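Here's the letter readout for the chains.
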Amino acid sequence: MLLRLAYSVYRIYLFIFRPVTYGTRVLLVKDGRVLLVRHTYRSGWHLPGGGIKRGETVETAARREVREETGAEMGAVQLLGVYSNLDNYVSGHNILFSCEDFIVTGKPDHEIAETRFFTLSDLPANMFPGHRRKIEEYLGGKISSNSGRW
């Protein structure tokens, strides 16, 4: 409940100040399945990821966020692209990686209600649309490192 309230306050902050944000997302794919997260403070399923902290590289941020949100440790990662979300008063930019070399060794932190593997052919209906598009593009071999929109 407290996280939902904090998220609502954050949305008001975005509306008033319209900051530029930078984050990472990671497509964790193994054996024809993708690992997704469901947050405690927003609905639907999402690719794991989050904000980049001051002094972090984008890859370090991606590894930290995946560890925090899924309990997974990643091996080799591949940069897939940089994408922008300019909807709903935000100027958010995400760096998208893929990783097929990972092991879930821990548990997600308090922000995550659930993690679950989904087959790539049967993604959940209530998935964030931009993340669904990136998975579909990845499957179709159409994703590139060119910039685009979530």
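A quick note: this is a predicted structure, and the numbers were derived from the prediction, not measured.

Asker: I'd like to hear about the packing of aromatic side chains, residue by residue, with values.
Answerer: The full count for this structure, using the stated rule, is 3 aromatic pairs. Note on Tyr7 and Tyr41: the rings are 5.3 Å apart at their centroids and 45° apart in plane angle, and the pair reads as tilted. Remark: Tyr41 occurs in the loop between β2 (33-39) and β3 (45-46) and Tyr7 occurs in helix α1 (residues 2-17); sequence separation between them is 34 residues. The ring of Trp45 is capped by Arg38, whose NZ or CZ atom sits 6.0 Å from the centre of that ring.

Asker: Tell me about α1, residues and numbers included.
Answerer: Here α1 contains 16 residues, and its C-alpha end-to-end distance of 22 Å stays within 8% of the 22 Å for a straight helix at 1.5 Å per residue. Directly after α1, the chain includes Arg18, whose backbone phi takes a positive value near 50°.

Asker: Describe the nonpolar core, listing the residues and the values that go with them.
Answerer: Ranked by size, the top nonpolar core spans 15 residues in total, and within it Leu27, Val34, Leu36, Leu47 and Ile135 carry the most contacts. When contributions to this core are tallied by element, the ones reaching two or more residues are β1 (20-30), β2, β6 (78-85) and α3 (129-139). Once residues lying within four places of it in the same chain are set aside, the contact partners of Leu47 are Arg25, Val26, Leu27, Val34, Leu36, Val37, Leu96, His131 and Ile135.

Asker: How would you sum up α3? Please name residues and give values.
Answerer: Where α3 is concerned, the buried positions are Gly130, His131, Lys134, Ile135 and Tyr138. The arc that holds every buried residue of α3, seen down its axis, measures 140°, which confines them to one face. Positive backbone phi, at 70°, marks Gly141, one or two positions downstream of α3.

Asker: Outline the pairing of β1, listing residues and values.
Answerer: With 9 bridges connecting them, β1 and strand β7 (residues 91-99) associate as parallel partners. The residue bridging Leu27 from the neighbouring strand is Ser98, located in β7. Bridge analysis of β1 against strand β4 (residues 49-51) gives 3 bridges, and the strand direction is antiparallel. Within β4, the position partnered with Gly23 by the bridge is Gly51. Where β1 lies against β2, 2 bridges are found, and the strand directions are antiparallel. Its bridge partner being in β2, Lys30 is matched across the sheet by Arg33.

Asker: For the side chain of His93, give the residues involved together with the corresponding values.
Answerer: Looking at the secondary structure, you find His93 in strand β7. The contacts of His93, once residues within four sequence positions are left out, are Val20, Thr21, Tyr22, Gly23, Tyr83, Ser84 and Leu86.

Asker: Please give an account of a nonpolar patch on the surface that cites residues and values.
Answerer: Together, Tyr10, Ile12, Tyr13, Phe15, Ile16, Phe17 and Tyr89 make up a nonpolar patch on the protein surface, roughly 750 Å² of accessible area in all. One can find Tyr13 in helix α1.

How each quantity is defined
- Residues numbered from 1 in each chain as written.
- Predicted model: local features only at pLDDT ≥ 70, side-chain atom pairs only at ≥ 80, totals over all residues.
- Heavy atoms only, no water.
- Phe/Tyr/Trp six-rings, centres within 6.5 Å; stacked < 30°, edge-to-face > 60°.
- Helix = DSSP H or I, 4+ residues; strand = E, 2+ residues; numbered from the N terminus.
- Lys NZ or Arg CZ within 6 Å of the ring centre and 35° of its normal.
- Expected span 1.5 Å × (residues − 1).
- Core = buried A, V, L, I, M, F, W, Y, C linked by side-chain atoms within 4.5 Å.
- Buried < 20%, exposed > 50% of the residue type's maximum accessible area, 1.4 Å probe, protein only.
- Contact = heavy atoms within 4.5 Å.
- Arc of directions from axis to C-beta.
- Pairing = 2+ DSSP bridges.
- Patch = residues over 30% accessible without salt bridge, like charges linked within 9 Å, V, L, I, M, F, W, Y side chains within 5 Å.
- Areas by Shrake-Rupley, 256 points an atom, 1.4 Å probe, with all protein chains shown as cover.
- Salt bridge = Lys/Arg side-chain N within 4 Å of Asp/Glu carboxyl O.

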